[in-house]
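Summary of structural features
Below are the chains, spelled out letter by letter.
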Amino acid sequence: MTVYSSVSFYALYKLIHLKPKPLTFDPATISSNYEKITFKSRDEKENIAGWFFKVDARDKTIILVSGSDQNRVDPGYGSDKVAGDLLAKNFNVLMFDFR
């Protein structure tokens, strides 16, 4: 039982304490009309970084979130393509890294 508990704890720890992947993606490949943004986490201890893509004179925004082991551009999900499609349909898009 001790071994099972130890393995379970270790697996859970690895799932919640993931190392952030480096961000090497150029947001201008989605759209040149974007701005880099930062905001505070709920506990105000960390700055959260992201991109806000704006479509002219639109007030509807969709927030894209990545998987827990990714940064704001998730290649497995194709979030860059999804963001481009949403912009083409006249939605603003916010993409950010959880931490």
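Presented here is a report on the structure given in the accompanying data block. Because the structure is a prediction, the values reported are computed rather than measured. (Residues numbered from 1 in each chain as written. Predicted model: local features only at pLDDT ≥ 70, side-chain atom pairs only at ≥ 80, totals over all residues. Heavy atoms only, no water.)

**A word on the side chain of D97**
As a reminder of what qualifies: Counting from the N terminus, the helices are DSSP H or I runs at least four residues long and the strands are E runs at least two residues long. Two N or O atoms form a polar contact when they lie within 3.5 Å of each other; inside protein one atom must be a possible hydrogen donor and the other a possible acceptor, and for residues adjacent in sequence the pair counts only when both atoms belong to side chains.
Mapping D97 onto the fold places it in the segment after β4 (92-96). At a separation of 2.4 Å, a polar atom in the side chain of D97 contacts the main-chain amide nitrogen of R72.

**A closer look at the nonpolar core**
Worth spelling out the cut-off: Within this scheme, the nonpolar core is defined by two criteria: the residues are buried Ala, Val, Leu, Ile, Met, Phe, Trp, Tyr or Cys, and they are joined through side-chain atoms within 4.5 Å. To sort residues, take the accessible area from a 1.4 Å probe on protein chains only and compare it with the maximum for the residue type: under 20% means buried, over 50% means exposed, and anything in between is partly exposed. Two residues form a contact once any of their heavy atoms are found within 4.5 Å.
Listed in full, the eleven residues of the largest apolar core are I30, W51, F53, V55, L64, V73, A83, L86, L87, V93 and M95. Listing elements by their share of this core, those giving two or more residues are β2 (47-53), α2 (79-88) and β4. With three residues, the single largest contributor to this core is α2. When near neighbours in sequence (up to four residues on either side) are disregarded, V55 contacts L87, N90, F91 and N92. In this structure, I37, I48, L94 and F96 belong to the second largest nonpolar core, which totals five residues.

**Structural notes on the environment of L86**
Turning to its location among the elements, L86 is positioned in helix α2. Placed 24 residues apart in sequence, L86 and I62 show a C-alpha to C-alpha distance of 8.1 Å. Those residues in contact with L86, other than ones at most four positions away along the chain, are I62, L64, F91 and V93.

**Thoughts on the side chain of N92**
Relative to the assigned elements, N92 resides in strand β4. Aside from chain neighbours lying at most four places away, what touches N92 is F52, F53, K54, V55, R58, D59, K60, T61 and I62.

**Section: the pairing of strand β1 (residues 34-40)**
Quick reminder of the rule: DSSP-based pairing: two strands are paired if at least 2 bridges between them are found.
As paired elements, β1 and β2 share seven bridges and run antiparallel to each other. Paired with K40 across the strands is N47, a residue of β2. What sits between the antiparallel neighbours β1 and β2 is a turn of six residues, in which E44 has the positive phi angle 60 degrees.

**Considerations on a nonpolar patch on the surface**
Stated precisely, the cut-off is as follows: Patches were defined on residues exceeding 30% relative accessible area and lacking a salt bridge, with like-charge contacts within 9 Å and nonpolar side-chain contacts (Val, Leu, Ile, Met, Phe, Trp, Tyr) within 5 Å. In this description, accessible areas are obtained by the Shrake-Rupley approach with a 1.4 Å probe, and a residue is regarded as covered only by the protein chains that are shown. Any carboxyl oxygen of Asp or Glu that lies within 4 Å of a side-chain nitrogen of Lys or Arg is treated as forming a salt bridge with it.
Taken together, the side chains of I63, V65 and F98 present a nonpolar region at the surface, about 280 Å² in accessible area. One can find I63 in strand β3 (residues 61-64). Using a relative accessible area of 52% as the deciding quantity, one classes I63 as exposed.

**So, the sheet that holds β2**
Short version of the rule: The axes are straight lines fitted to the C-alpha atoms, using for helices just the contacting stretch, and the angles between their N-to-C directions are given from 0 to 180°.
Overall, mixed pairing links the four strands, which are arranged β1-β2-β4-β3 in an open sheet. Where the open sheet ends on each side, the last strands, each with one partner, are β1 and β3. In this sheet, adjacent strand axes meet at a mean angle of 25 degrees when their direction is disregarded. Pairing of β2 with β4, which is carried by four bridges, proceeds in the antiparallel orientation. Among the inter-strand pairings, W51 is bridged to a residue of β4, identified as M95.

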